[in-house]
Every structure is written in C-alpha cells, then in structure tokens.
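Coordinate analysis (summary)
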Amino acid sequence: MYFPTAAPVNAITDDAALWLAFRTGDNKALGTLAERYFVTLKRYGLKFMVDETIVDDCIQDLFLELWQNRHKINQTPSVKFYLLKSLRNSIIGHLRYQQRFASEEPSQWDTGMPDHFNAESLLIEQETLDGLITQVNSQMATLPKREREALYLRYFENLSVIEIAEVMGVNRQSVSNFLQKALARIRDRWLVTMVLNLFFF
C-alpha cells in the first residue's frame with residue numbers, strides 16, 4: 001500500500017490542523033493522517049468480515065479520493081469519525097458491487113461484526129472472574145449486527161453517540177437504542193448464566 005510520504009507523526013499537531021493543511025494541498029499532512037489512523041481503520045474494516053486485501057484497497061482508495069477531492073472537502077469536527085464513516089461507505093459499496101454478481105438478496109449482505117468480537121472494552125474498571133470475557137464474547141456473538149457495530153464504535157473506538165450516528169448513517173436515537181438493547185441483552189444473559197452456574201454446577 002502506498003501513501004504520500006509523510007513527515008513523522010507529531011503528537012502536538014492535532015487532527016484539525018493536519019486536515020486544514022491537507023485541504024490546502026499539503027500531501028505530507030494527509031500522509032501523517034494516513035499513518036495515524038491506518039491501524040484504526042484496518043481494525044474497523046476487518047470487522048465487516050471481508051478479505052484483508054479488500055480492506056487495504058478500500059483504505060488506499062479512501063486516501064487517494066481525499067487527495068483528489070481535497071478542494072471540495074469541508075473542515076470536520078472529528079477526522080477520526082469522518083474516516084471511519086468514509087471507510088464504512090467504501091466497504092459497503094464494494095459489497096454492493098460484488099452483490100451484483102451473486103445470487104444472495106441484498107438483505108443478506110453481512111456488514112456486521114464478526115463472532116469473535118472483543119468485549120474486553122466493556123469490562124473496563126470491573127473485576128472479572130476467569131472466563132468472564134469469554135462468556136461476554138459468546139453472548140455478543142448472538143447480538144444483532146448493528147447493535148454489535150454500535151458497541152464496537154462506542155466502547156472500542158470511544159466515539160460519541162453523535163459520531164456513531166454519523167458513521168452508521170442513522171439518527172442519534174437509533175444509536176442509543178442499539179446500545180441500550182445490546183447492553184440489556186448482555187446483562188440479562190450474563191445474570192442468567194451466573195444463576196445457572198450457581199444452581200447446577
């Protein structure tokens with residue numbers, strides 16, 4: 001994968017300044033943003049259960065399109081969620097393109113989270129017993145895909161509800177509903193599991 005040569009990432013240089021610089025024609029600023037967010041974008045892209053090379057291609061295309069359209073792009077309050085949203089749209093667009101040559105119905109596209117979703121971020125600041133993370137992981141695998149995606153963006157990428165709504169293309173109330181329902185399901189199932197363990201093991 002190739003990106004414009006970037007200067008070393010400077011933690012003091014914030015995203016807003018880099019974004020503004022790239023929009024005015026500074027390819028090093030865009031390269032720095034690419035370096036800064038490549039791992040985040042790739043990790044998120046792989047959650048859609050597509051091939052790693054496809055994710056790499058979509059990320060590369062994303063930054064190339066940003067550079068080509070830099071004069072048309074506005075300043076954004078959050079570069080991170082702008083990039084996540086753009087990558088999501090790119091991957092879904094790729095899946096739709098593939099769908100034209102497949103027999104599955106559009107409703108069967110799998111743009112959700114994988115079954116091995118990492119739930120450790122939900123257990124921050126809590127003491128856990130051995131095996132609790134495994135239990136929560138297995139419970140999350142049963143959640144609807146959009147609820148899993150909302151949880152990933154909220155607790156793993158630390159996006160706000162407003163930012164998640166932008167990334168997923170839904171309204172804020174929908175995001176709140178996804179999060180509340182998902183957390184309620186996990187809590188209820190976890191309690192049931194604990195009760196069964198107490199009475200039958």
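Residues numbered from 1 in each chain as written. Predicted model: local features only at pLDDT ≥ 70, side-chain atom pairs only at ≥ 80, totals over all residues. Heavy atoms only, no water.

**Examining the overall build of the protein chain**
Looking only at helices and strands, the protein chain features eight helices and zero strands. The N-to-C order of helical and strand elements in the protein chain reads α-α-α-α-α-α-α-α. Within the protein chain, the fraction of its 201 residues that count as buried is 39%. Sequence separation of at least 24 residues holds for 66% of the intrachain contacts in the protein chain that already meet a minimum separation of 6. Accessible area for the protein chain stands at about 11,800 Å²; split by element, carbon and sulfur atoms hold 53% of it. (Helix = DSSP H or I, 4+ residues; strand = E, 2+ residues; numbered from the N terminus. Buried < 20%, exposed > 50% of the residue type's maximum accessible area, 1.4 Å probe, protein only. Contact = heavy atoms within 4.5 Å. Areas by Shrake-Rupley, 256 points an atom, 1.4 Å probe, with all protein chains shown as cover.)

**Overview of unusual backbone geometry**
In this model, Asn158 sits at a positive phi of 60 degrees, which is unusual for a non-glycine residue. Structurally, the position occupied by Asn158 is in the loop between helix H6 (145-156) and helix H7 (161-168). Under the relative-accessibility criterion, Asn158 is labelled exposed at 58%.

**Focus on helix H1 (residues 15-23)**
Where H1 is concerned, the buried positions are Asp15, Leu18, Trp19 and Phe22. Seen along its axis, H1 keeps its buried residues to an arc of 100 degrees; they face one direction. For H1, the elements touching its buried residues are helix H2 (27-46), helix H3 (52-68) and helix H4 (79-99). Where H1 terminates, the next one or two residues include Gly25, which has phi positive at roughly 105 degrees. (Arc of directions from axis to C-beta.)

**Comments concerning the pattern of salt bridges**
For the coordinates displayed, the defined rule picks out seven salt bridges. For the salt bridge of Glu157 with Lys80, the shortest nitrogen-to-oxygen distance reads 3.2 Å. Note that Glu157 is positioned in the loop between H6 and H7 and Lys80 in helix H4, a separation of 77 residues in sequence. For Glu166, the salt bridge goes to Lys85, with nearest N and O atoms at 3.4 Å. Taken together, the residues Glu166 in helix H7 and Lys85 in helix H4 connect sequence positions 81 residues apart. Residue class for Lys85 comes out partly exposed when judged on its relative accessible area of 29%. (Salt bridge = Lys/Arg side-chain N within 4 Å of Asp/Glu carboxyl O.)

**Focus: the packing of aromatic side chains**
Tallied over the entire structure, the rule returns four aromatic pairs. Taking 4.9 Å as the distance between ring centres and 70 degrees as the angle between the ring planes, the aromatic pair formed by Trp19 and Phe22 counts as edge-to-face. You can see Trp19 and its partner Phe22 sitting in helix H1, three residues apart, about one turn around the helix. Of the two residues examined, Trp19 and Phe22, each falls in the buried class. (Phe/Tyr/Trp six-rings, centres within 6.5 Å; stacked < 30°, edge-to-face > 60°.)

**Considerations on the side chain of Thr40**
Topologically, Thr40 is positioned in helix H2. Residue contacts for Thr40: discarding those within four places in its chain leaves Lys80, Leu84 and Glu157.

**Regarding the nonpolar core**
Trp19, Leu41, Phe63, Leu66, Leu83 and Leu153 are the most contacted members of the largest nonpolar core, which totals 42 residues. Those elements that provide at least two residues to this core are H1, H2, H3, H4, H6, H7 and helix H8 (172-200). Those residues in contact with Trp19 that sit more than four places away from it in its chain are Leu33, Leu66, Ile73, Asn74, Gln75, Thr76, Val79, Tyr82 and Leu83. (Core = buried A, V, L, I, M, F, W, Y, C linked by side-chain atoms within 4.5 Å.)

**What to know about the confidence of the model for the protein chain**
Detailed reading of the predicted coordinates is not advisable wherever pLDDT is low. Per-residue pLDDT for the protein chain has a mean of 75; in total, 67% of the residues score no lower than 70. Summarising per-element confidence for the protein chain, the mean pLDDT is lowest in helix H5 (residues 132-140) (61) and highest in H1 (93). Contacts from residues 1-12, a stretch scored under 50 in pLDDT, to residues over four places away or in other chains number 27 contacts. Predicted confidence is poor over residues 103-111, with pLDDT under 50, and the contacts of this stretch with residues over four places away or in other chains come to 14 contacts. (pLDDT = per-residue confidence, 0-100.)

**Topic: H4**
Relative to the 30 Å expected for 21 residues at 1.5 Å per residue, H4 spans 30 Å between its end C-alpha atoms, a close match to the ideal helical length. The complete set of buried residues in H4 reads Val79, Phe81, Leu83, Leu84, Ser86, Leu87, Arg88, Ile91, Ile92, Leu95 and Gln99. Against the buried residues of H4 lie H1, H2, H3, H6 and H7. (Expected span 1.5 Å × (residues − 1).)

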